[in-house]
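Descriptive structure summary
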Number of protein chains: 4
Amino acid sequence: MKSVIKDIGLADAGQRRIEWARRHMPVLERIKSEFALERPLDGVNIVACLHVTVETANLIRVLTVGGANVALTGSNPLSTQDDVAAALANDGTSVYAFHGETTEQYRTCIEEALKLGPHVTLDDGADVIATVHDAHPEYLDGVLGGCEETTTGVIRLRAMAAERALRYPVIAVNDAETKMMFDNRYGTGQSTLHGIMNATNFLFAGKTVVVVGYGWCGRGVAGRAKGLGANVVIVEVEPRKALEAAMDGFRVMPMREAARIGDLFITVTGDISVIRGEHFALMKDQAIVCNSGHFNVELNLEELRQMATSKTTVKDNVEEYRMSDGRTIYVLAEGRLINLSAAFGHPPEVMDMSFANQALCVKHIVEHHDQLSNEVYSVPTEIDKRVAALKLEAIGLETEHLTPQQEAYLHSWTLGT
Amino acid sequence: MKSVIKDIGLADAGQRRIEWARRHMPVLERIKSEFALERPLDGVNIVACLHVTVETANLIRVLTVGGANVALTGSNPLSTQDDVAAALANDGTSVYAFHGETTEQYRTCIEEALKLGPHVTLDDGADVIATVHDAHPEYLDGVLGGCEETTTGVIRLRAMAAERALRYPVIAVNDAETKMMFDNRYGTGQSTLHGIMNATNFLFAGKTVVVVGYGWCGRGVAGRAKGLGANVVIVEVEPRKALEAAMDGFRVMPMREAARIGDLFITVTGDISVIRGEHFALMKDQAIVCNSGHFNVELNLEELRQMATSKTTVKDNVEEYRMSDGRTIYVLAEGRLINLSAAFGHPPEVMDMSFANQALCVKHIVEHHDQLSNEVYSVPTEIDKRVAALKLEAIGLETEHLTPQQEAYLHSWTLGT
Amino acid sequence: MKSVIKDIGLADAGQRRIEWARRHMPVLERIKSEFALERPLDGVNIVACLHVTVETANLIRVLTVGGANVALTGSNPLSTQDDVAAALANDGTSVYAFHGETTEQYRTCIEEALKLGPHVTLDDGADVIATVHDAHPEYLDGVLGGCEETTTGVIRLRAMAAERALRYPVIAVNDAETKMMFDNRYGTGQSTLHGIMNATNFLFAGKTVVVVGYGWCGRGVAGRAKGLGANVVIVEVEPRKALEAAMDGFRVMPMREAARIGDLFITVTGDISVIRGEHFALMKDQAIVCNSGHFNVELNLEELRQMATSKTTVKDNVEEYRMSDGRTIYVLAEGRLINLSAAFGHPPEVMDMSFANQALCVKHIVEHHDQLSNEVYSVPTEIDKRVAALKLEAIGLETEHLTPQQEAYLHSWTLGT
Amino acid sequence: MKSVIKDIGLADAGQRRIEWARRHMPVLERIKSEFALERPLDGVNIVACLHVTVETANLIRVLTVGGANVALTGSNPLSTQDDVAAALANDGTSVYAFHGETTEQYRTCIEEALKLGPHVTLDDGADVIATVHDAHPEYLDGVLGGCEETTTGVIRLRAMAAERALRYPVIAVNDAETKMMFDNRYGTGQSTLHGIMNATNFLFAGKTVVVVGYGWCGRGVAGRAKGLGANVVIVEVEPRKALEAAMDGFRVMPMREAARIGDLFITVTGDISVIRGEHFALMKDQAIVCNSGHFNVELNLEELRQMATSKTTVKDNVEEYRMSDGRTIYVLAEGRLINLSAAFGHPPEVMDMSFANQALCVKHIVEHHDQLSNEVYSVPTEIDKRVAALKLEAIGLETEHLTPQQEAYLHSWTLGT
């Protein structure tokens, strides 16, 4: 099959960058070695709809080495890195992705990829699954199962399963501990601050940083900002999380109070309009506002625009809104994910874990599909633990091992004490 | 009913200490006010088997104010504070508990308490439930339900439920987030270090501290030791927890390596013999070893005794073992829980949350027993969240509130994005 | 010479406690070994006026092993530990110190000790030096020099030197980096929090802790409180220190604002009346107030007393002041140093460094007195660095060493680049 | 006077960037307002040799507003930002600086600037002072004094003063607390990690980071790396600093041990060849090595080159050295300052303080030159404290103020206690 990409001439540049990432994805490398020997995906057709990045390229190669035929489309019209697409196409993978697709082109790419006749689907937002279910049920019979990478996609699929509308089994890769812990906490934590530094050269020490949301992403961002010397304030709706934030040494308050004191605001809630007109009205002059949640809906920029007398691009990723009372508010990256807009997204060490789960879940589907029903499954604990164990090995750390006596004791608790 | 206690003359002293704790248990106080108005436990007989401490006394008073008749026994022959027992007896509660009971006396106390004819049982280790099921089934018919405070008890009860042997519904108070988070993480974290300071006047700054176990207790202890300037090493068997420890900046290694470098060792695993002969053999001269796990089985002191040429009590809670090669190893509190042995256990602010869950769960059982079957239930999420919300209110913090539009958005995710 | 102590029968108990401390003072031990070989203080008479604690006992033994004859008095009528005094007297040291001396007895003890005919004086507050200069100039001719341990004493002596009133050279042991860093930062930091835990069982996590003063003591206390999960607020008068506190992530505000929000207040300023009536008037109900500065003048308790309707001792080291508006304020240890009042003061590891400086400075005076004039000297840098180097060795750490080329480069900077 | 710059057409772009920095330099802004009113530098000729950056541009404008005539040259042939030079020239400042000067051109620029006839010189490395003293003594008579910004320059000037070779007074701006604290600790701390992230997308959490040098820069880098989740190892030659590092919770070891375990190495020592062949020989595969000290001499790359079988540029600022044993070592930015090479250097908030000291010291020289002799002076404490006070005000923080009684007490300490 042919590819639809921007420019095959970019393959060399892509290859060099993929190689740099590869060296920082040791778990995936280890799985690649195993797949090379065992060929567990021999003859398996995989249709993958993922962000076309250097890390994804390494996942695709693992699947290919394992024997799979892969057709890849981008999971967002803007996130495709054309040099990576070229390098993969150059390898022989069918790639249907280029930066700046129209919505129509985006759909066509998925449909082209599906012509491979998928046995397994990989999703980052459930678009392939949705397409198969809604528009191309002719592929349903051939599919053994699918994997989904995001919270959003998993919620969508759980709803489908609840209504008995899901027609093949799906594994929620998103929910693996080794995915959440790295990706959401450590990955988002560091890369969000990195994006802010790149956009603004902001000094964190001595500043009041308001983090809106204290889920795993929020915990990560708050901890790293504190680690750089900021005084961190948490805004949270769930009382147990709010209490945890307080116990972790942060101030906790509602947005209408935090709005008055923050030098920098970062949203990571998954909800809409968490910073809106009533809050922009209270902010200090020169406050900086950005988002690191998945969608660019957390800041209500429409309300800000209506309040502002002018809007100017000060520098890359920094827009200045002048208010009628003379204050200035800076918005970064137009409210899009700051870590992807102004930095490089998660480090490859982080994606190493997420994609190791993907690769092993594909294998799991191929080997166990006849025991699975049309539901959304958690990543099997053995896979989750194995990914953690491989990562520890890769970074040279060793766990303690239980003695037989200790194993026995743990299981004998039910006998009483 | 009469009480069986050490000395009613201690009531005044007990009362003063109970009062000090009361002031630091604002959530329980708030529930007391509500119970005083609503009398939700009017005429309910409660048999409680709990550590007889100042915090427990405050729980008992909340139940009494709510209308209950309470019979209290101690949940451990050594943990009863006789002045607290006296103060409660002085109030009119039936107390069957004194410090230093024999095992026989311990059992008799439970049997005496049961004569109240329980509608609800409260346990810290499942001894009342076990007694009713095994020895006094005549009470089963009267019981509406029970609460259990500990991990150990919950495991025991789950096993009973699995075998269909459980004869009334039980709520696992232990598993509430507002119990685990405070009690295991922040409570154990601080009080363990406090006990060590009291026993040894140990300076944490600059020392290598080995924490064995990275569950909630271990995370708490490790974080606080780091916060006091120690260099912390984690020993853990579960790969995901080990990896999390590494990502949190700690060194991770097996016990046989950690044994060589620690200045201080703290076990919080729930397993037996995690530090044993082979490890004591490797330790540095003057290493200090202690336990903060529930049972005194984590250190294999029998093996240490066999290796040592002498054992001397250096000072309260510090025993010195001389080894034949000239080294000295110090063991604190004979391997018993260091925070209870050498400090005051959890601060009352911590028990405030655990016991607020208890009080509200008793009310829940009374009001909803006819909807419960003979299983082990989690604490209802509304109760857990309400305890967190009350605590936040008590300490003067406010959460953010969702707008109707935000609520709607969160529920509309299934519609796709 | 004979001793004047409480009870020689306490010697054994004192000896055991001294021995425990000895094991945690490895630098002093190392110097003792050298002194035993070299006898650098042979025949030197030393009159020492120091707190009679287990750590001081170890210093005295080092001096004695080095050949000195020592007469010891307590440096405060209340700080003498009678068992330690007994153990030292039992050794043959002349001790004039017992707990609870009157001011008259305190002076007599110093005069008795002086009858030894001092060659070197050791002070913790400059009382021996003052006595020799003011009341017993007959000893001046025999004195080669003195050492002073405290900031207060050093200030006094610098004033004397400035007026040419100082009649022999004095080394300001207080100012050694290896004294300040350990004693003031790490020692006061941990032991202050330890004292507060002992007095109140206060949970630091989630609390607002106001630290008044951001010198080395304040930095230590603030850092440790943050390390235990508190949200720390700094009150400071010096703008550069205030700015440093802000850059370290703390909130900075004046006392009149901090007074409204603190759950716990700790003063470490060296000044008087830093928390006074106008501040007590603003505090929250149940605020806790204590001092860790040298003198009990930092809290203006007289003003608090006048505002309060009652004052009650709630428990050891906790006094409750009821205000006419219904609020309660708790004051710990009557405003005296909380770490000495409710815990054990600095850990022996800390005093190890301070007293190692003392021992080596005595040797320095004996060997170099003819090159010293009647001034206040800093601790020689070689001694300060040597104490650090010995401590590193004792705890098993190694510095990097400069190559000859690197040494040369550092000195060649003056040649330009 | 005319300017010698690259392209006046860049002025607009420069102006926008200068404006962004201006908004983050509130102390300098405040001084500018004062200077505008008071014109303290009316008619003063200033020859400044500084890095031509957006922050420097703001300093120059403050001086100009204060009445000075300024001639500016770059202090390094590579650090000039041509758009900034254009913007300043556009304002009317005489600028002699362009990116990529030859050494000859660099000298000529200084000589051209000197033709202004300086009353005050500003240096970042002492090149103007050296030129005046060595080559152009004809200007000496006119000079009232100078300021020097760097450690290196100050050392050079102190040596000159010691030899009575210094012919006019100089203020060591470098040594102000408000310069060192911000610039070296917080500035270098954050910007070094920022540069590393940009070059490598390195995830700090879970990595072993070796920081060589524990001066203010090293403390800053180590603290921030810990704050991002790294496990930090310190290599230091001075025992007191090494001990402080250990007390701060870091591991301390010599380079030959640290070399074996680091994932990332950062040098900040000011010395040469601190990581050299013998250390590269021990490193793990894929170790990353960089420098954040002033000169690119800290890494001995010559020895690395000799050991390597190949050297390849992997990506911007990352060079890969392949070793004959198969290992790979990555060197960032060829050993040059990583924060300037791969990020933006210090944030403007940091330079705000340094340059506020510069501006006020120039004023001080103009007003007090007749009281100064030909020596190197510290920044007057009033200036240092005033800069801190202005910064606090700018960021909305307030210090506590002493009462008259407190002032009196502090000064009465000499009266005894």
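These figures come from a predicted structure and were not determined experimentally.

The next thing to look at is the overall build of chain A. Counting secondary structure elements, chain A contains 17 helices and 15 strands. Taking 417 residues into account, the globule formula puts the C-alpha radius of gyration at 22 Å, and chain A, at 23 Å, falls close to it. Its C-alpha atoms put chain A at 65 × 65 × 45 Å along the principal axes. Within the span of chain A, comprising 417 residues, buried residues form 64% of the whole. For chain A, the accessible surface area stands at approximately 14600 Å², while carbon and sulfur atoms represent 49% of it. Of the side chains in chain A, 39 bear a positive and 55 a negative charge, and the two mean positions are spaced by 5 Å.

Looking now at the relation of the copies chain D and chain C. The relation between the two chain copies is a rotation about an axis coupled with a shift along that axis. Turning chain D through 180 degrees and shifting it by 0.1 Å along the axis lays it on chain C, with an RMSD of 0.1 Å. Both copies of the chain, as the preceding transformation shows, are related through a two-fold rotation axis.

Two elements in contact, helix H16 (residues 381–394) of chain C and helix H10 (residues 239–247) of chain D, have axes separated by 8 Å at closest approach and are oriented at 40 degrees. Taken together, the axes of H16(C) and H10(D) lie oblique to each other. In this structure, the crossing between H16(C) and H10(D) has a hand that is left-handed. Between H16(C), through Thr381(C), Asp384(C), Lys385(C), Ala388(C), Ala389(C), Lys391(C) and Leu392(C), and H10(D), the contact on the second element is made entirely by Pro239(D), Arg240(D), Ala242(D) and Leu243(D). In terms of residue class, the contact of H16(C) with H10(D) is built from six nonpolar, one polar and four charged.

Contacts between the two partners involve 63 residues from chain A and, on the opposite side, 63 residues from chain B. At the boundary of chain A with chain B, the tally comes to eight salt bridges. As a salt-bridge pair, Arg185(A) and Glu244(B) come within 2.8 Å of each other at their nearest N and O atoms. At the junction of chain A with chain B, the criterion picks out 16 residue pairs in polar contact (both at pLDDT 80 or more). Elements with a contribution of two residues or more to the side of chain A that touches chain B: helix H7 (151–162), helix H8 (177–200), helix H10 (239–247), helix H11 (255–261), helix H16 (381–394) and helix H17 (404–412) of chain A.

Attention now goes to unusual backbone geometry. A negative phi holds for most residues other than glycine; trans holds for most peptide bonds. Phi at Gln286(A) is positive, roughly 75 degrees, even though this residue is not glycine. Given the relative accessible area of 24%, Gln286(A) is considered partly exposed. For Arg164(C), which is not glycine, the phi torsion reads 60 degrees and is therefore positive. On the secondary structure map, Arg164(C) appears in the loop between helix H7 (151–162) and strand S6 (170–172).

Bringing the interface of chain D and chain C into the picture now. How big an interface is tends to be expressed through the accessible area that disappears when the partners come together. Taken together, the contact between chain D and chain C spans 63 residues of the former and 63 residues of the latter. Roughly 5600 Å² is buried in total at the junction of chain D and chain C, and carbon and sulfur atoms are behind 65% of that figure. The interface formed by chain D and chain C contains eight salt bridges. Put simply, Arg240(D) and Glu177(C) hold a salt bridge, and the shortest N to O gap is 3.8 Å. Along the contact surface separating chain D from chain C lie 16 residue pairs in polar contact (both at pLDDT 80 or more). Looking at the side of chain D that touches chain C, its residues break down into 30 nonpolar, 15 polar and 18 charged.

All names here are of chain C. The mixed open sheet is built from eight strands, whose spatial order is S9-S8-S7-S10-S11-S14-S13-S12. Of all strands in the sheet, those with a lone pairing partner are strand S9 (251–252) and strand S12 (308–315), marking the two edges. Strand direction decides the pairing type here: strand S10 (residues 264–267) and strand S11 (residues 287–291), joined by four bridges, are parallel. Residue pairing across strands places Leu 264 opposite Ile 288, the latter belonging to S11.

Moving on, we come to the relation of the copies chain A and chain B. After a rotation of 180 degrees and a shift along the axis of 0.0 Å, chain A superposes on chain B with an RMSD of 0.1 Å. The share of interface residues of chain A whose copies in chain B are also at the interface is 100%, consistent with both copies meeting through the same surface.

Residue and element names in this part refer to chain B. Read across the sheet, eight strands follow the order S9-S8-S7-S10-S11-S14-S13-S12 without closing on themselves; strand pairing throughout is mixed. The sheet is open, and its two borders are formed by strand S9 (251–252) and strand S12 (308–315), each paired with just one other strand. With five bridges joining them, strand S7 (residues 208–212) and strand S8 (residues 231–235) adopt parallel strand pairing. Residue pairing in the sheet places Val 209 in a bridge with Val 232 of S8.

On to the packing of aromatic side chains, then. One pass over the structure, following the stated rule, counts 16 aromatic pairs over all chains. Seen from their ring centres, Tyr330(A) and Trp20(D) are 4.8 Å apart, and the 70 degrees between their planes marks the pair as edge-to-face. Taken together, the residues span two chains, with Tyr330(A) in strand S14 (residues 328–332) and Trp20(D) in helix H1 (residues 11–22). Just as Tyr330(A) is buried, Trp20(D) falls in that class too. Its guanidinium or amino end placed over the ring of Trp216(C), Arg219(C) lies 4.4 Å from that ring's centre, counting from NZ or CZ.

Right, let's get into helix H3 (residues 54–65) of chain C. Residue and element names in this part refer to chain C. The end-to-end C-alpha separation of H3 is 17 Å, in line with the 16 Å expected for 12 residues at 1.5 Å each. Within H3, 10 of the 12 residues are buried, leaving the element largely enclosed by the surrounding structure. For H3, the complete set of buried residues consists of Val 54, Glu 55, Thr 56, Ala 57, Asn 58, Leu 59, Ile 60, Arg 61, Val 62 and Leu 63. Phi turns positive one or two residues past the end of H3, at Gly 67, with a value near 110 degrees.

All names here are of chain A. What the rule picks out here adds up to 124 salt bridges over all chains. With a shortest N-O distance of 3.5 Å, Lys 311 and Glu 319 are connected by a salt bridge. Residue classification places Glu 319 among the buried positions, given a relative accessible area of 11%.

Relative to the helices and strands, His346(A) is located in the loop between helix H14 (338–342) and helix H15 (348–368). Assessed through its relative accessible area of 16%, His346(A) is described here as buried. One polar contact links His346(A) to Asp183(A), side chain to side chain, over a distance of 2.7 Å. Discounting residues that sit within four places of it in the chain, His346(A) has contacts with Glu55(A), Asp183(A), Gly187(A), Thr188(A), Ser191(A), Asn339(A), Met351(A) and Asn201(D).

The rules behind the values
Residues numbered from 1 in each chain as written. Chains lettered and ligands numbered in written order. Predicted model: local features only at pLDDT ≥ 70, side-chain atom pairs only at ≥ 80, totals over all residues. Heavy atoms only, no water. Helix = DSSP H or I, 4+ residues; strand = E, 2+ residues; numbered from the N terminus. Rg over C-alpha atoms; globule rule 2.2 N^0.38 Å. Buried < 20%, exposed > 50% of the residue type's maximum accessible area, 1.4 Å probe, protein only. Areas by Shrake-Rupley, 256 points an atom, 1.4 Å probe, with all protein chains shown as cover. Lys, Arg positive; Asp, Glu negative; His and termini not counted. Charge placed at Lys NZ, Arg CZ, Asp CG, Glu CD. Least-squares fit on C-alpha atoms with pLDDT ≥ 70 in both. Axes fitted to C-alpha atoms, helices over the stretch in contact; angles between N-to-C directions. Parallel < 35°, antiparallel > 145°, perpendicular 65-115°, else oblique. Left-handed = near helix turned anticlockwise from the far one by under 90°. Contact = heavy atoms within 4.5 Å. Nonpolar A, V, L, I, M, F, W, Y, C, P; charged D, E, K, R; others polar. Salt bridge = Lys/Arg side-chain N within 4 Å of Asp/Glu carboxyl O. Polar contact = N/O pair within 3.5 Å; in protein donor to acceptor, adjacent residues only side chain to side chain. Buried area = accessible area lost by both parts, 1.4 Å probe. Pairing = 2+ DSSP bridges. Phe/Tyr/Trp six-rings, centres within 6.5 Å; stacked < 30°, edge-to-face > 60°. Lys NZ or Arg CZ within 6 Å of the ring centre and 35° of its normal. Expected span 1.5 Å × (residues − 1).

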